[in-house]
Amino acid sequence: MKTTERNQDANGERKTLTEEETRWKNTETVSKKISDNKKALEERIGLNRSFDVIFREMTFGTKKTALLVLNGFAKDEIITEILKRLSFLNRDQLVPATLKAMFEEFIPHIQVAIVSDMSGVVDGVLAGKSALFIEQETSAVLIDAKAYPVRSIEEPALERVVRGARDGFTETLLTNVTLVRRRIRDPRLKLECVKVGRRTRTDVCIAYINDIADLELVESIRDKIAKIDIDGIPLAEKQLEEFIIGKGWNPFPSVRYTERPDVVSAHLLEGHVIVFVDTSPSVMILPTTFFHLVQHAEEHRQAPFIGTYLRWIRFVGILASLFLLPLWFLMAIEPEVRPRALDFIGPDQTGDIPLLAQFLIAEFGVDLMRMAAVHTPSPLVTAMGLIAAILVGEIAVKVGLFVNEVILYISVAAIGMYATPNYELGLAVRIARLVLLIAAALFKVPGLVIVTTLLVIFLAVQRSYNSPYLWPFIPFDAKALFTILFRQPVTLSKVRPSLTKTTDNTRQP
């Protein structure tokens, strides 16, 4: 194991430096000699060992230079055009101020910078830029001519709409912020970029509209991201969420994820703060309440009446997913609590396995099939569904292991879970349903009532960046709750939600 050195920064935070990083501190500046820079790069970036690190030495106008690029990131057409232009230069054009002449006259590109420290050069090259070293100059020219591997823009699989935009975020940060810029052409839209992770150096972007968003919220998010000290966040937004939210073992999501630029734009105009993470198509929306998680873009793509109808159907599906199984189970094992109008509820035969065990086995079976569908190749998904439905479900009922009603209500609960717009919320509701089911089995009516009450209290005390999780239900805000229950016409949306504490809360005169 390599030795480490403990250093303390200006803020009093202790940083751990590896042995390699300690040596690099002694070679921070760009050397005047290209040969010295080459030796430093052999240690720092793996030059001559990593096959994709290119160090091309050339002479332009009698001036010796070297171009450092990562082969997979370099945009060949632009780099070739720049080198072609430099190849026609003569000594008189480059002497005496070679660096200044290169930067101001002879490198025809938009994003060019002069960097004097080797760490800045290495960080830039690892981010896809190209570095040009010049003999007898103590700075290098960074040229931002990169081309990340990227998939095409397409509609997100989890947030499809019948009518509306079909574009969705990709794994490239610049593409994602551009999709938002296209929709909000406001100069007050700010996009602040920071790097997270000592090794991954992942780009994280904080987006907000300067005169709408709560700047204290922006500052809080910025500070929490700046304090993250970890080797890297290769899993992108989920790892970042755990750092800035810190919710621990709470299964209910504290942020809303989306892959739709129109949804992000709508939330920006409401005063929310958006966090983009490079390499991820999902972005975080802060602050988030429970009722943000049950809304879908489709409701706003239809007429207000139809949007309200779809919203209510979704609410019913979520409630059914949560309470239908525990209530049916309770009425099946406690016939005296069952209303006379519901005498048909309950199986005539309970089967060879107790009802609670049937429910638990069926719940775990649905989860197992869901995971199998994710990992099954697309051509075989249909065949797997037929196996699950016919060979497993139907035969299990025929041989007496399960009763028909268990399969029916499990199916309804699963449909309700899949109708939940937020995937993380659907999984949390499933966990809550299992807890309610076990409480009803162990303690009957008191158990179901007490656990339901505790669940509501648990959600009521949760906060998302000092915003109540059950707002506007708890604390009660009648006007805001009305807009949650009924999709309002755009012409009636005069002000922004009070939750985000906006500076400018007026949307229409």
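The numbering scheme is per chain: residues are counted from 1 as the chain's sequence reads. This being a predicted model, a pLDDT of at least 70 is required before a residue's local features are given, and a value of 80 or more before pairs of side-chain atoms are given or counted; all residues contribute to the totals for chains, interfaces and linings. Only hydrogens and water are removed before side-chain values are computed, so all heavy atoms of the structure are retained for them.

Asks: What am I meant to see in empty space enclosed by the protein here?
Replies: Think of a ball as big as a water molecule: rolled over the atoms, this probe shows where empty space is left. Cavity means a closed set of points on a 1 Å grid over the protein atoms alone, one where a 1.4 Å probe fits but cannot get out, pocket means an open set with protein on both sides within 12 Å along at least 5 of 7 lines, and lining means a residue has an atom within 4 Å of a point. Grid points are joined across faces, edges and corners, and a volume is the space filled by probe spheres set on the points. Within this structure, the stated rule accounts for one cavity of 30 Å³ or more. In this model, the largest cavity occupies a volume close to 30 Å³. Forming the walls of the largest cavity are L67, I79, I82, L83, L86, L132 and I143.

Asks: What is the right way to look at the packing of helix α13 (residues 355-375) against helix α16 (residues 423-460) in this model?
Replies: How two helices pack is summed up by the angle between their axes together with the distance between the axes. An axis is simply a line fitted to the C-alpha atoms; with a helix, the fit covers only the stretch in contact. Between two such axes, the angle follows the N-to-C directions and lies from 0 to 180 degrees. Going along the chain from the N terminus, every DSSP run of H or I of four or more residues is numbered as a helix, and every run of E of two or more is numbered as a strand. The geometry of α13 relative to α16 is characterised by a closest axis approach of 10 Å and an angle of 165 degrees between their N-to-C directions. Accordingly, the angle class assigned to the pair α13 and α16 is roughly antiparallel. Here α13 and α16 pass one another in a crossing that is left-handed. Here α13 contributes L356, F359, L360, E363, F364, V366, D367 and R370 to the contact with α16, which in turn contributes Y423, L427, R430, R433, L434, L437 and A441. Here the word oblique covers every angle except those under 35 degrees (roughly parallel), over 145 (roughly antiparallel) and from 65 to 115 (roughly perpendicular). Rotating anticlockwise by less than a right angle from the far helix to the near helix defines a left-handed crossing, while the corresponding clockwise rotation defines a right-handed one. Throughout, a contact is declared for two residues whenever any of their heavy atoms are within 4.5 Å.

Asks: Looking at this structure, I do not really get the sheet that holds strand β7 (residues 140-143). What am I missing?
Replies: To summarise the sheet geometry, strands pair through backbone hydrogen bonds and adopt either a parallel or an antiparallel arrangement. The strand order β3-β4-β6-β7-β5 describes an open sheet built from five strands, whose pairing is antiparallel. Single-partner strands in this sheet number two, and they are β3 (53-60) and β5 (112-115). The sheet shows a mean angle of 25 degrees between the axes of neighbouring strands, direction not considered. Across the face of the sheet, helix α2 (residues 34-44) comes into contact with β3, β4 (63-70) and β6 (130-134) while running at roughly 175 degrees to β3. Along the sheet face, helix α3 (residues 76-86) touches β3, β4, β6 and β7 and points at about 20 degrees away from the line of β3. Paired strands, as defined in this entry, are two strands with at least two bridges between them according to DSSP.

Asks: So what exactly am I meant to see when it comes to the pairing of strand β9 (residues 202-209) here?
Replies: Among the eight residues of β9, eight are classified as buried, and the element is accordingly described as predominantly covered. Where strand β8 (residues 189-196) and β9 come together, eight bridges link them in antiparallel fashion. If you follow V196 over to β9, its bridge partner there is T202. Hairpin geometry of β8 and β9 is characterised by an intervening segment of five residues between the two adjacent antiparallel strands and by a positive phi of about 105 degrees at G197. Summarising the sheet, β9 and strand β11 (residues 273-277) pair through four bridges and their orientation is antiparallel. Looking across to β11, one finds that I206 is bridged to V275. Relative accessibility under 20% of the residue-type maximum defines a buried residue, over 50% an exposed one, and the middle range a partly exposed one, all with a 1.4 Å probe and only protein chains included.

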